[in-house]
Amino acid sequence: ASLRPGLSHDELVKIESKYDLRLTKEIRELYEWHDGLSVDSGTSFFGIHQFPPLEHLAQSRQAMAQGLSDATGLQRGVYWLLCGHRKNWIELFPDGAGDGYFVDPTRNPNQGAVFYNFNETGDYQFYPTLSSLMMAISACYEAGIYDDSNDAASISAIEKEQTIHQEFSASKSP
């Protein structure tokens, strides 16, 4: 994977201000470590999940907000009905299909501010901290689940991944 260099404190503050983001301490630490993967790298961070640069995520959020402001009243109403609950979510590790690992900085960490969401079934997997999620990802790598030589999409790999993630998560409900 082609990890980008981390962001400085000043760069994080600039992105937060420019895009009206509210980053948690753990998100700041993640992006100080590395600013995601190069967008054009064509690689995933783990499994099918990407790790986009912070400014790329912020630009996507801004484009969505702009699209909503340009939409008709009916279109905005449908958006708020179906997706309004995602307004504050920050995509940490999206899968490119709208599912992935998110942080909601407005949510109390005790309620599970770090979580996985699978839209098709409405499933959530909550983590006590971003560190817990990162430990689950690391354990999956150590178990060989994300090894390129394995079929990460096989039923047995998915079941093994889910079992490992359950060990590090807090709950499956809000």
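Residues numbered from 1 in each chain as written. Predicted model: local features only at pLDDT ≥ 70, side-chain atom pairs only at ≥ 80, totals over all residues. Heavy atoms only, no water.

Trainee: Any chance you could break down the sheet that holds strand β5 (residues 114–118) for me, citing the residues and the numbers?
Mentor: Pairing in this open sheet of four strands is antiparallel, and the strands run β3-β4-β5-β6 from one edge to the other. Pairing within the sheet leaves two strands with one partner each, and these edge strands are β3 (90–94) and β6 (123–127). Each neighbouring strand pair of the sheet contributes to a mean axis angle of 25 degrees, computed without reference to strand direction. Relative to β6, β5 is paired through five bridges, and the arrangement is antiparallel. Across the sheet, the residue bridging to Asn117 is Tyr124, located in β6. Of the strands in this sheet, β3, β4 (100–103), β5 and β6 are in contact with helix α5 (residues 130–142), which crosses β3 at around 10 degrees. (Pairing = 2+ DSSP bridges. Helix = DSSP H or I, 4+ residues; strand = E, 2+ residues; numbered from the N terminus. Axes fitted to C-alpha atoms, helices over the stretch in contact; angles between N-to-C directions. Contact = heavy atoms within 4.5 Å.)

Trainee: Describe the packing of aromatic side chains, listing the residues and the values that go with them.
Mentor: Evaluated as defined, the whole model comprises 19 aromatic pairs. Geometrically, the ring pair formed by Trp89 and Phe102 is tilted, given 4.9 Å between the ring centres and 50 degrees between the ring planes. Taken as a pair, Trp89 in the loop between α4 (73–83) and β3 and Phe102 in strand β4 lie far apart in primary sequence, 13 residues in all. Seen in terms of ring centroids, Phe115 and Tyr124 are 5.9 Å apart; in terms of plane orientation they differ by 50 degrees. Their pairing is tilted. Pair check on accessibility: Phe115 and Tyr124 agree, each one buried. Put simply, the rings of Tyr31, Trp33, Phe45, Phe46, Phe51, Phe93, Tyr101, Tyr116, Tyr127, Tyr141 and Tyr146 pair up and form one aromatic cluster. (Phe/Tyr/Trp six-rings, centres within 6.5 Å; stacked < 30°, edge-to-face > 60°. Buried < 20%, exposed > 50% of the residue type's maximum accessible area, 1.4 Å probe, protein only.)

Trainee: Can you lay out helix α1 (residues 9–19) for me, pointing to particular residues and giving the numbers?
Mentor: Three- or four-residue spacings in an α-helix give side chains the same orientation, since the helix completes a turn every 3.6 residues. Buried within α1 we find Leu12, Ile15, Glu16 and Tyr19. Projected down its long axis, α1 shows its buried positions confined to an angular sector of 100 degrees, all on one face. More than 90 degrees from the buried face of α1, the exposed residues found are Asp10, Lys14, Ser17 and Lys18. Its buried side turned inward, α1 meets α2 (25–33) and α3 (54–70). Following α1 by one or two positions, Asp20 has its phi on the positive side, about 55 degrees. (Arc of directions from axis to C-beta.)

Trainee: So, the pairing of β4: which residues are in play, and what are the values?
Mentor: In the sheet, β3 pairs with β4 via four bridges, with the strands oriented antiparallel. Counted as the bridge partner of Ile90 is Val103 from β4. The turn joining β3 and β4, which pair antiparallel and follow one another in sequence, is formed by five residues; a positive phi near 90 degrees is taken by Gly96.

Trainee: Could you give an account of unusual backbone geometry, with specific residues and numbers?
Mentor: Of note, the phi angle at Asp20 is positive, near 55 degrees, even though the residue is not glycine. Tracing the chain through its elements places Asp20 in the loop between α1 and α2.

Trainee: So what's going on with the packing of α1 against α2? Residues and values would help.
Mentor: The interhelical angle for the contact between α1 and α2, taken along N-to-C directions, is 125 degrees, at an axis separation of 10 Å. By the angle between their axes, α1 is oblique relative to α2. Taken as a pair, α1 and α2 cross one another with a handedness that is right-handed. Where α1 approaches α2, its residues His9, Leu12, Val13 and Glu16 are matched on the opposing element by Arg28, Tyr31 and Glu32. Grouping the amino acids of the contact of α1 with α2 by side-chain chemistry returns three nonpolar, one polar and three charged. (Parallel < 35°, antiparallel > 145°, perpendicular 65-115°, else oblique. Left-handed = near helix turned anticlockwise from the far one by under 90°. Nonpolar A, V, L, I, M, F, W, Y, C, P; charged D, E, K, R; others polar.)

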